[in-house]
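# Remarks on the overall topology
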Amino acid sequence: MDALLIEARGLNINFGAIPVLRGVNLAVPAATAAMIVGRNGAGKSTLVRLLAGLSAPTAGEAMLFGAPSRTLESAARRRLAIVTHQSFLYPNLTARENLEFYAELYSVADVRTEIPRWLDRVGLASAADARVRTFSRGMEQRLTLARALLTRPDVLLMDEPFAALDVDGVALVADLLREAIARRCAIVLTAHQPIAIDGLEFDLYEIVRGRLLPLRGGAIGASLRAQSAE
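Attention in this report is confined to the structure presented alongside it. All values derive from a computational prediction rather than experimental measurement.

Parameters at a glance
Residues numbered from 1 in each chain as written. Predicted model: local features only at pLDDT ≥ 70, side-chain atom pairs only at ≥ 80, totals over all residues. Heavy atoms only, no water. Salt bridge = Lys/Arg side-chain N within 4 Å of Asp/Glu carboxyl O. Helix = DSSP H or I, 4+ residues; strand = E, 2+ residues; numbered from the N terminus. Buried < 20%, exposed > 50% of the residue type's maximum accessible area, 1.4 Å probe, protein only. Pairing = 2+ DSSP bridges. Contact = heavy atoms within 4.5 Å. Arc of directions from axis to C-beta. Phe/Tyr/Trp six-rings, centres within 6.5 Å; stacked < 30°, edge-to-face > 60°. Lys NZ or Arg CZ within 6 Å of the ring centre and 35° of its normal.

### Re the pattern of salt bridges
Inspection of the entire model under this criterion finds eight salt bridges. Between Arg96 and Asp129 there is a salt bridge; the shortest N-O distance is 3.0 Å. Here Arg96 is found in helix 3 (residues 95–105), whereas its partner Asp129 is found in the loop between helix 4 (111–121) and helix 5 (137–149), with 33 residues between them in sequence. With a shortest N-O distance of 2.4 Å, Arg121 and Glu179 are connected by a salt bridge. With Arg121 in helix 4 and Glu179 in helix 6 (residues 167–182), this pair connects stretches of sequence that are 58 residues apart. With relative accessibility at 39%, the residue Glu179 sits in the partly exposed group.

Okay, here's the thing in structure tokens:
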């Protein structure tokens, strides 16, 4: 059995006196994707931040690679990539310069080959030397995906990765997810509603009143095209 790369053990978090997540348990081994759905405000983004170690739980523990995510050593954190509503891109740098910065930060090998390859992969080769502040939301999301996957992470946490993308962009995300699973990445992603992706099976969950509940067979019914049209 594969080791667990992503794990939540009895996670609770309160905002003031208001409970947001209660008793959340989750286990995601290598080569597995978990999709977490829920309405706006259900706690999806909060859970991603907890798993990434960007927020502290009120109780319980979030684990990555078998260690608490809040105190990961730098070598382990380099194996993690995050896609959230915040792009973590520098608006005054070009697309190429942003990837160069992250490549140096994460010690990516063969930068001269990898950066042009990723810019082309996400459809931004022609905008490589444009400053990010001039990008549309969809272009910025594509560059965020390149930034995250440039490092070939073993764990990928994605908060609504299909947001702001057109049909071609949604298909790109689907391809990237399939490729990540093929190299045994563990993935947690969120969405407003279940999404079906050909060739990829999800462990499907829903956040309801702060609790993470498994959804059984037949729950994945929405198409990628329908999701991208929202």
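Here the narrative resumes, following the displayed structure.
### Points about the pairing of strand 2 (residues 18–29)
Working note: regular strand, side chains alternate between the two faces of the sheet. Pairing of strand 1 (residues 4–15) with strand 2, which is carried by eight bridges, proceeds in the antiparallel orientation. Residue pairing in the sheet places Leu11 in a bridge with Val24 of strand 2. Between strand 1 and the antiparallel strand that follows it, strand 2, lie two residues; Gly16 among them carries a positive phi value of about 70°.

### As for unusual backbone geometry
A positive phi angle, close to 60°, is found at Phe88, a residue other than glycine. Here Asp110, not a glycine, exhibits a phi torsion of approximately 55°, which is positive. Structurally, Asp110 is set in the loop between helix 3 and helix 4. For Asp110, a relative accessible area of 48% corresponds to the partly exposed category.

### Considering the side chain of Glu160
Position of Glu160 relative to the elements: it lies in the loop between strand 7 (155–158) and helix 6. Accessibility expressed as a relative area gives 13% for Glu160, which makes it buried. Not counting residues up to four positions away in its chain, the partners in contact with Glu160 are Lys44, His85, Gln141, Thr190, Ala191 and His192.

### Details of helix 3
For an α-helix, the turn length of 3.6 residues means that residues three or four places apart are oriented alike. Residues Ala95, Asn98, Leu99, Tyr102 and Ala103 constitute the buried set of helix 3. For helix 3, the angular spread of the buried residues around the axis is 135°, confining them to a single face. Looking at the buried side of helix 3, the elements it contacts are helix 4 and helix 5. Looking at the residues trailing helix 3, positive phi occurs at Ser107, about 55°.

### A look at the packing of aromatic side chains
If you walk through the whole model with that rule in mind, you get two aromatic pairs. On the numbers, 5.3 Å between centres and 85° between planes, the contact of Phe101 with Tyr102 is edge-to-face. What links up through ring pairs into an aromatic cluster is the set Tyr90, Phe101 and Tyr102. Seen from the ring of Phe65, Arg79 lies directly overhead, with NZ or CZ sitting 4.0 Å from the centre.

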